[in-house]
Amino acid sequence: MWIRFGEPRRFGVPVPEARLRFEAGQRERGGGPGRRLLVVEGEPAFELSFWCGTCPLLFRRFETAKQTLSLEGVQERLTGTLADPGDGGVIEEFGALLPQGDYLPMLLRVEPRLVIPGREGDYFSGEQVATWGIDQFWGLPEYPHTPYYRTFETAVDASAHLYEFVVPMVPPTWNKRERVEEYVTLMAGEAVPTAVAVSTLDVCEPAAGLGHDHSRHWGLTHFLLDGHHKLEAAATAGRPVQLLSLLALAEGLAGAEDCARLPALRAQARSSRATGT
């Protein structure tokens, strides 16, 4: 779980020019806030956790999420291992896709596990149901409408737990098989290629009386900009991959103090693993 954190940086382009941006959906009847949305090329791509912070954690793919945001000019640099979040100008390249704001660059080494909603290891039908119960209207767990990857989790404190997800913009079934196999072969030779994501941190806690495991869920969600074939290859081969995460500090349901704790939480988990505690 090798990690390097950069200093918070301000970058991006004016919101109307950004190919990816965060938006609020239309207001509900009665004037309440609309849904939180991740928008790609002007189309809603994902619905995110609701503003209130007491609703369950969520990333739900829309039918209009149909494309990735890979950049041809950096592919050679990302085939290998970056030494630092700011290495090779990758942040500047991808920053030109994002809305202007403050971001925390994180360079992580993760071992992804592909999860299919409703099957073994699914957060939404497992840990989330234990805390919130099933949806009271549908009588079912939340459903993200996409396979996703789980990579890391750790206790935050006695009443909170961090869960980390890597969410592809398009499902792995859309990946080109030959490209996935190329990366499987590359990783067999100990190579650790790099993927890139824009990320949010949501801290959600249910109202009293729901579920049997009342706790706060910290959801660190990485939306893949580049690296869809790499993540599937790593999950297939059981190999690590690097992830350059650009954490949008103002776009999650977490305060600045929560985001600032992420380096210590990862270091603590890494130390515990090393000592076997």
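A short tour of the structure in this document, coming up. Bear in mind that the values here come from a model prediction, so they are computed numbers and not experimental data. Position numbers for residues count from 1 along each chain, tracking the sequence in the order it is written. For this predicted model, a pLDDT threshold of at least 70 governs which residues receive local features, and a threshold of 80 or more governs which side-chain atom pairs are given and counted, while totals over whole chains, interfaces and linings are taken from all residues. Note: side-chain values were computed over all heavy atoms of the structure, leaving out hydrogens and water.

## Considerations on the packing of aromatic side chains
When the centres of two rings from Phe, Tyr and Trp lie within 6.5 Å, Trp using its six-membered ring, the rings pair. Their planes under 30 degrees apart give stacked, over 60 give edge-to-face, and anything left gives tilted. One pass over the full model with this rule turns up 11 aromatic pairs. Within the aromatic cluster, the residues linked to one another by ring pairs are Phe59, Tyr123, Phe124, Tyr148, Tyr163 and Phe165. If you follow Arg36 out to its NZ or CZ, it ends over the ring of Trp51, 5.9 Å from the centre. One cation-aromatic arrangement involves Arg266 over Phe152; the distance from NZ or CZ to the ring centre is 4.4 Å. Each ring is checked for a lysine NZ or an arginine CZ that lies within 6 Å of its centre and within 35 degrees of its normal; such an atom marks a charge sitting over the ring.

## Topic: the packing of helix α4 (residues 177-188) against helix α5 (residues 228-237)
Here an axis means a line fitted to C-alpha atoms, over the contact stretch when the element is a helix, while the angle between two N-to-C directions is reported on a 0 to 180 degree scale. A run of DSSP states H or I qualifies as a helix once it reaches four residues; a run of E qualifies as a strand once it reaches two. Both are numbered from the N-terminal end. Closest axis-to-axis distance for the α4/α5 pair is 8 Å, and the angle between their directions is 55°. In terms of axis orientation, α4 runs oblique to α5. As α4 packs across α5, the resulting crossing turns out to be right-handed. Residues Arg177, Arg179, Val180, Tyr183, Val184 and Met187 of α4 pack against His229, Lys230, Glu232, Ala233, Ala234, Thr236 and Ala237 of α5. Class assignment for the residues of the contact of α4 with α5 results in 7 nonpolar, 2 polar and 4 charged. Here the angle decides the label: under 35 degrees means roughly parallel, over 145 means roughly antiparallel, 65 to 115 means roughly perpendicular, and every other value means oblique. Helix crossings fall into two classes, left-handed where the near helix is turned counterclockwise from the far one by less than a right angle and right-handed where it is turned clockwise. Contacts are assigned to residue pairs with any non-hydrogen atoms lying within 4.5 Å of each other. For this classification, the nonpolar set comprises Ala, Val, Leu, Ile, Met, Phe, Trp, Tyr, Cys and Pro, the charged set comprises Asp, Glu, Lys and Arg, and every other residue, Gly included, is treated as polar.

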